[in-house]
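Reading the structure
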Amino acid sequence: MPFINVKVAGTPLAPEQITAIQAGITRLMATVLHKVAPLVGVLVEAVPAAGWSVGAEPIARAAQVDAIISADTNTPDEKSRFIAEVNRLLKTVLGAELAEVSYIVIHEVPKDSWGYDGLTQAERGRRRA
């Protein structure tokens, strides 16, 4: 049940770009990090370009991806591949204007510290056992 928040600054996103980011990240969560695709939540948010800078300089287009997953469920190689593939996806969807300094962060949260539908991930694991 990963949750991914994608913030994009710059020119407003077209609906097709939002859909491509959501579908692409969901696919990568399933294929690279082995998450259950129907449980992957992706929120794409537009941020005014004026509110974002890199090195105290304005940018034309930048992105920040925060992916929340359960701790200890993926290897360093899987996480590295996910970051590389998401970066490639963003460059494809957002174009050449995308700032090199666009971060992709994987936050690993203990299973007893998050969940959905009123149950922690730890409790879901206990119930499956």
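A short tour of the structure in this document, coming up. Owing to the predicted nature of the structure, the values given are computational and were not obtained by experimental measurement.

So, the packing of helix α1 (residues 15-31) against helix α2 (residues 76-94)
The geometry of α1 relative to α2 is characterised by a closest axis approach of 10 Å and an angle of 165° between their N-to-C directions. Comparing the axis directions of α1 and α2 gives the class roughly antiparallel. Here the hand of the crossing between α1 and α2 comes out right-handed. Residue-level inspection shows Gln-17, Ala-20, Ile-21, Gly-24, Ile-25, Leu-28, Met-29 and Thr-31 of α1 in contact with α2, the latter providing Arg-81, Phe-82, Glu-85, Val-86, Leu-89, Leu-90, Val-93 and Leu-94. Counted by class, the contact of α1 with α2 contains 11 nonpolar, three polar and two charged residues.

Quick look at the nonpolar core
Judged by nonpolar contacts, the single largest core of 26 residues is most densely connected at Ile-4, Val-6, Ile-25, Phe-82 and Leu-94. When contributions to this core are tallied by element, the ones reaching two or more residues are β1 (3-10), α1, β2 (41-47), β5 (61-70), α2 and β6 (103-109). If one sorts the elements of this core by residue count, α2 sits on top with six residues. In this structure Phe-82 touches Leu-28, Met-29, Val-32, Leu-33, Ala-67 and Ile-106, once residues within four positions along its chain are discounted. One finds Ala-9, Ile-59, Ala-62 and Ala-99 within the second-largest nonpolar core, a separate group that totals five residues.

So, the layout of surface pockets
In this structure, the largest pocket encloses a volume near 330 Å³. Lining the largest pocket we find 17 residues, and of these Met-1, Lys-35, Ser-70, Gln-121 and Arg-128 sit closest to its centre. Of all elements in the fold, only β5 and α3 (121-128) reach the threshold of two or more residues within the lining of the largest pocket. Among the elements that make up the lining of the largest pocket, the one with the highest residue count is α3 (four residues). Looking at side-chain class alone, the lining of the largest pocket contains eight nonpolar, five polar and four charged residues.

Conventions adopted
- Residues numbered from 1 in each chain as written.
- Predicted model: local features only at pLDDT ≥ 70, side-chain atom pairs only at ≥ 80, totals over all residues.
- Heavy atoms only, no water.
- Axes fitted to C-alpha atoms, helices over the stretch in contact; angles between N-to-C directions.
- Helix = DSSP H or I, 4+ residues; strand = E, 2+ residues; numbered from the N terminus.
- Parallel < 35°, antiparallel > 145°, perpendicular 65-115°, else oblique.
- Left-handed = near helix turned anticlockwise from the far one by under 90°.
- Contact = heavy atoms within 4.5 Å.
- Nonpolar A, V, L, I, M, F, W, Y, C, P; charged D, E, K, R; others polar.
- Core = buried A, V, L, I, M, F, W, Y, C linked by side-chain atoms within 4.5 Å.
- Buried < 20%, exposed > 50% of the residue type's maximum accessible area, 1.4 Å probe, protein only.
- 1 Å grid on protein atoms, 1.4 Å probe; cavity = no way out; pocket = protein on both sides within 12 Å on 5 of 7 lines; lining within 4 Å.
- Points joined across faces, edges and corners; volume = space filled by probe spheres on them.

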